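# Reading the structure
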Amino acid sequence: MKKRIMVIGMLAGIMAFAVGCSSSVNPDKYVTLGQYKGLEVAKQAVEVTEAEVESEIQYMLEQQATTEDVKDRTKVQDGDIANIDYEGKLDGVAFENGTAQALDLTIGSGTFIPGFEDGIIGKEIGDTFDLNLTFPDTYTNNPDVAGKDVVFTITINGIKEKVAPKLDDAFVKTLSADVSTVAEFKDKVKSELLKSKQDSADAQMLTDLWNQVVEGSTVSDDIPAELIEEKTQTMYDNAKQYAQSFNMDFPTFLTQYMGLTEDGFADEAAKYALDAAKETLIIQAIAKAEKLELSKEEIADAITEYTSLYGYESEDKFKAENDMAAFEEHVLRTKIENFLKENAVITEGTAPAADAAAETPAAEEPAAEKTAE
């Protein structure tokens, strides 16, 4: 598994292939299909504003920013990158992982515990000072200091600031080989944002179609226990692979990246496994009714696509690290969704109003926490 996979939507990612196929189950025994052809669904109209283009470009410039020493002042300001040494003590004794040297800390990032970064603002290069702070009552990184009063001795070594590159023709050529001017670059960014929105609108439309199919179908309560167990096990296997990719034990991964205890995950797994089992039966019922099967070529193409999409070093590696029965059903579901789309009555909805949140790029995966945080 790849560390660069974003953690945003982690549960959705874990569920992605959690609907593994169980060919021994006859869907006719458990499913009564409702209407699934001729369904009416709205596809949201999309547009890209100039403000969104500018916001995206600004984000890209910030990603390319470099750091430079601040030379025209000596006091730390909010937003600066302060290079610091610090030592934390509890009852006069240094505590575990509470000390660092020459650490670059962006002031205002919220990386450290409340009061730490604010206490640095206004201090000068060369200053050494104490901050009396209190750790949060719940602090999983080091429970020994949770809720405790501590003293941090901090030295300011220097101040840096981020400097974004100038948006000009020379710079945009370094970002994209197929543009040579700022105007062309803005058009490219707008086109890519539009495609992203169109893809999202299409995905939402397919979700809405599928939800109509599920809501219109009747699935009996006596779903085979082995089918539910199969989905539950797939969820656990996928979650543990994620944990391994982040070099974490399973309980720590659940706590830090999913906000769940093991019992909480078990509850989520039980709920989603039941839904996945129902969806498996509906998928199989439609496939049987419409004689929709996957060819060897379709499966091979999908493996090639996902191997590239998720950065696996080879198709063999992809197949070794994934439940291929579950993957094939994922591909079959995609085929069925396209069938539903081809047989649906699609209307065009209105474009959503742009807002600040929509114009801000998604947050990146957070950095690993430090003890002083």
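In what follows, the structure referred to is the one given above.
Structural notes, computed from the coordinates. (Residues numbered from 1 in each chain as written. Predicted model: local features only at pLDDT ≥ 70, side-chain atom pairs only at ≥ 80, totals over all residues. Heavy atoms only, no water.)

### Some words on the overall build of the protein
- Across its full length, the protein holds 10 helices and nine strands.
- Burial analysis of the protein (373 residues in total) assigns 36% to the buried set.
- Of the contacts made within the protein by residues no fewer than 6 positions apart, 75% connect residues no fewer than 24 positions apart.
- Counting every atom, the protein has about 20600 Å² of accessible surface; 47% of that belongs to carbon and sulfur. (Helix = DSSP H or I, 4+ residues; strand = E, 2+ residues; numbered from the N terminus. Buried < 20%, exposed > 50% of the residue type's maximum accessible area, 1.4 Å probe, protein only. Contact = heavy atoms within 4.5 Å. Areas by Shrake-Rupley, 256 points an atom, 1.4 Å probe, with all protein chains shown as cover.)

### A few points about helix H2 (residues 50-63)
- Between its terminal C-alpha atoms H2 stretches 20 Å, which fits the 20 Å expected from 14 residues at 1.5 Å a residue.
- When H2 is considered as a whole, its buried residues turn out to be Glu52, Val53, Ile57 and Leu61.
- Where the residues of H2 are buried, they touch helix H3 (169-175) and helix H4 (182-216). (Expected span 1.5 Å × (residues − 1).)

### A closer look at the packing of H2 against H4
- Their axes nearest at 10 Å, the elements H2 and H4 cross at an angle of 105°. Comparing their axes, H4 and H2 come out roughly perpendicular. Contacts between H2 and H4 pair Glu50, Glu52, Val53, Glu54, Glu56, Ile57 and Met60 from the former with Phe185, Lys186, Val189, Lys190, Leu193 and Lys197 from the latter.
- Considered class by class, the residues forming the contact of H2 with H4 number six nonpolar, no polar and seven charged. (Axes fitted to C-alpha atoms, helices over the stretch in contact; angles between N-to-C directions. Parallel < 35°, antiparallel > 145°, perpendicular 65-115°, else oblique. Nonpolar A, V, L, I, M, F, W, Y, C, P; charged D, E, K, R; others polar.)

### Things to note about the packing of aromatic side chains
- Applying the stated rule across the entire model yields 21 aromatic pairs.
- When the ring of phenylalanine 95 is compared with that of phenylalanine 135, the centres are 5.7 Å apart and the planes differ by 85°; the resulting orientation is edge-to-face. Within this pair, whereas phenylalanine 95 is found in strand S5 (residues 93-106), its partner phenylalanine 135 is found in the loop between strand S6 (128-134) and strand S7 (149-163), the two being separated by 40 residues in sequence. Just as phenylalanine 95 is buried, phenylalanine 135 falls in that class too.
- Ring-pair connections join several aromatic residues into one group, and the members of that group are Tyr86, Phe95, Phe112, Phe116, Phe135, Tyr139 and Phe152. (Phe/Tyr/Trp six-rings, centres within 6.5 Å; stacked < 30°, edge-to-face > 60°.)

### Points about a negative patch on the surface
- Taken together, Glu68, Asp69, Asp72 and Glu161 make up a surface patch of like negative charges.
- Mapped onto the elements of the fold, aspartate 72 is located in the loop between strand S3 (66-69) and strand S4 (81-90).
- Looking at aspartate 72, the relative accessible area reads 68%, which means it is exposed. (Patch = residues over 30% accessible without salt bridge, like charges linked within 9 Å, V, L, I, M, F, W, Y side chains within 5 Å. Salt bridge = Lys/Arg side-chain N within 4 Å of Asp/Glu carboxyl O. Lys, Arg positive; Asp, Glu negative; His and termini not counted. Charge placed at Lys NZ, Arg CZ, Asp CG, Glu CD.)

### Considerations on the pattern of salt bridges
- Tallied over the full model, the rule gives 20 salt bridges.
- Across the pair arginine 333 and glutamate 279 runs a salt bridge, and its minimum N-O distance is 2.3 Å. In this pair, arginine 333 is assigned in helix H10 (residues 324-342) and glutamate 279 in helix H7 (residues 262-290), connecting sequence segments 54 residues apart.
- For lysine 335, the salt bridge identified is with glutamate 298, shortest N-O distance 3.1 Å.

### A closer look at helix H8 (residues 296-309)
- An ideal rise of 1.5 Å per residue puts 20 Å on 14 residues; H8 measures up with 20 Å between its terminal C-alpha atoms.
- All of the buried residues along H8 are Ile299, Ala302, Ile303, Tyr306 and Thr307. In a view along the axis of H8, the buried residues occupy a sector of 130°, so they form one face of it. Set apart from the buried face of H8 by more than 90 degrees, the exposed residues are Glu297, Asp301, Glu305, Ser308 and Leu309.
- Buried-residue contacts for H8 involve helix H9 (315-321) and H10.
- At the C-terminal side of H8, glycine 311 shows a positive phi close to 70°. (Arc of directions from axis to C-beta.)

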